[in-house]
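Below, each chain spelled out in residue letters.
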Amino acid sequence: MYQKFLNLCMLSSLILFAHSYDDVKQLVPQDLPNYVLDHRLVAVFVFSGECDKACADKRQLVSDAWLQSTDYMDDLVFVQVDVSTTRTGPWFADQQPLPSILYYRDGIPIVYGGDWSVDTISMWFSDNQESAVAQLTDETFEHDTQSATGATTGDWLVLFSSNDHTKCPTCSAGFTSLHTVAARLRSRFVFGHVNVDSSPNLLQRFQLDSLPVFHLFRQGYMYKFERQKKTQLSVSDQLADFLTDSYQKVEGQRVTLEPMKKPGSPSSILDMILPYVGIAAAIIVPFLIAGAVLERIAKKQKLKKRSERKKA
């Protein structure tokens, strides 16, 4: 009798809590942008084509993490998207392998890069309900970052991009990668974004010829991030490595409040030469003076000898 009661309880629990992927709303890629605008928090399981057992297991983990999170996040919804019919979109932006998890917060996506476990994914949902990226403008940039003084606000990773997709087709991908690495390293670094369309002074100040571009501002110096294409690392992983280590392999450029000179420009080359000109002058001028003095003394001696010969 007791065993039957246990079996009944277990069956009731399974019926109550079971949540298969068949219950998850599926969207086509074209419908997702409008869907995320209607919901503040959206977890998206992204896959391509037929979802095999390994894919289905991961989908179930995300579903379980979502159910666990809804205990304290009432506005979190969960959907799945098959992207086999498209090669563009935020699911490809960070170069994470599929299947993957996208998490939209007020329309801004980040890509999951942690362990595939219910508790870890659920915690990721909870910890990143708000964006960790500050929006910077011509008016607020220097006040917030203190980039030229290298003062007290911390090390900033700033993305300069444009909303004009004809001018910058890859800017939205950079935006996703910025928010993704910010979610991971928000306790160690400060993250910012500049829309150069509305901040032309910053575009001129930092001499930005191409977009998007990431700059690390650290202790009064600026370090430019260069994405490595021949690597298995996602862009957010590359950015994390850049922030914590590889920026040291990049030559930093002193930040000024005036428009910065491009490396290799005539004025930039002149600035590099001028200090050495001063050093050379400090060394050569005394020798020139000494040479002139000695030459004058020699002339006087020569004239004196001529005078003595005439008298003789």
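Residues numbered from 1 in each chain as written. Predicted model: local features only at pLDDT ≥ 70, side-chain atom pairs only at ≥ 80, totals over all residues. Heavy atoms only, no water.

Visitor: Just give me the short version of the packing of aromatic side chains, but keep the residues and values in it.
Guide: Per the counting criterion, the structure on display carries 15 aromatic pairs. Between Phe225 and Phe242 the ring centres are 5.4 Å apart and the planes differ by 70 degrees, which places this aromatic pair in the edge-to-face class. Here the residue Phe225 occupies a position in the loop between β10 (221–224) and α9 (235–244), and Phe242 occupies one in helix α9, the gap between them amounting to 17 residues. In this pair, the class of Phe225 matches that of Phe242, namely buried. In this structure, Arg59 is placed above the aromatic ring of Phe47, and the distance from its NZ or CZ to the ring centre is 5.4 Å. The residue whose ring lies beneath Arg254 is Tyr221, and the NZ or CZ to ring-centre distance is 5.2 Å. (Phe/Tyr/Trp six-rings, centres within 6.5 Å; stacked < 30°, edge-to-face > 60°. Helix = DSSP H or I, 4+ residues; strand = E, 2+ residues; numbered from the N terminus. Buried < 20%, exposed > 50% of the residue type's maximum accessible area, 1.4 Å probe, protein only. Lys NZ or Arg CZ within 6 Å of the ring centre and 35° of its normal.)

Visitor: Report on the sheet that holds strand β5 (residues 108–111), specifying residues and quantitative values.
Guide: Read from one edge of the open sheet, five strands run β1-β3-β2-β4-β5, paired in mixed fashion. A single partner strand is all that each edge strand has here, and the edge strands are β1 (25–27) and β5. Looking at each pair of strands side by side, their axes are set apart by 30 degrees on average, direction ignored. Note that β1 and strand β3 (residues 76–82) share three bridges and pair parallel. Across the sheet, Lys25 pairs through a bridge with Val79, a residue of β3. This element, helix α7 (residues 171–185), spans β4 (100–105) and β5 of the sheet and lies at about 65 degrees to β5. (Pairing = 2+ DSSP bridges. Axes fitted to C-alpha atoms, helices over the stretch in contact; angles between N-to-C directions. Contact = heavy atoms within 4.5 Å.)

Visitor: Account for α7, with residues named and values stated.
Guide: Between its first and last C-alpha atoms α7 spans 21 Å; for 15 residues at 1.5 Å apiece the expected length is 21 Å, and the two agree. Most of α7 is tucked away, with 11 of its 15 residues classed as buried. Looking at α7, one finds that the buried residues are Cys171, Gly174, Thr176, Ser177, Leu178, His179, Thr180, Val181, Ala182, Ala183 and Leu185. (Expected span 1.5 Å × (residues − 1).)

Visitor: An account of unusual backbone geometry is needed here, citing residue identities and associated values.
Guide: Here the residue pair Leu98 and Pro99 is connected by a cis peptide bond, since its omega of 0 degrees sits within 30 degrees of zero. Here Pro99 lies in the loop between α4 (90–93) and β4. Residue Pro212 follows Leu211 across a cis peptide bond; omega there is -5 degrees. Positionally, Pro212 belongs in the loop between α8 (200–205) and β9 (213–218). The backbone of Gln146 shows a phi angle near 50 degrees, a positive value even though the residue is not glycine. Among the structural elements, Gln146 can be located in the loop between α6 (141–145) and β7 (156–161). Not every positive phi belongs to a glycine, and Gln207 is a case in point at roughly 50 degrees. Looking at where Gln207 falls in the secondary structure, it is placed in the loop between α8 and β9.

Visitor: Talk me through helix α5 (residues 118–127); I want residue IDs and the actual numbers.
Guide: An α-helical segment advances 3.6 residues per turn. Residues three or four places apart therefore align on the same side. For α5, the set of buried residues is Ile121, Ser122, Trp124 and Phe125. Seen from one end, α5 has its buried residues packed into an arc of 155 degrees, which puts them on one side. Across α5 from its buried face, at more than 90 degrees, point the exposed residues Asp119 and Met123. Looking at the buried positions of α5, the neighbouring elements they touch are β2 (41–47), α3 (53–69), β3, β4 and β5. (Arc of directions from axis to C-beta.)

Visitor: Describe the sheet that holds strand β8 (residues 190–195), with residues and values.
Guide: Here we have six strands laid out as an open sheet, ordered β6-β8-β7-β9-β10-β11, and mixed in their pairing. Of all strands in the sheet, those bounded by a partner on one side alone are β6 (133–136) and β11 (253–254). Sheet topology places β7 next to β9; five bridges connect them, and they run antiparallel. Pairing of Phe160 across the sheet is with Val213, part of β9. Its contacts with the sheet place α7 against β6, β7, β8 and β9, and it is angled at close to 160 degrees to β8.

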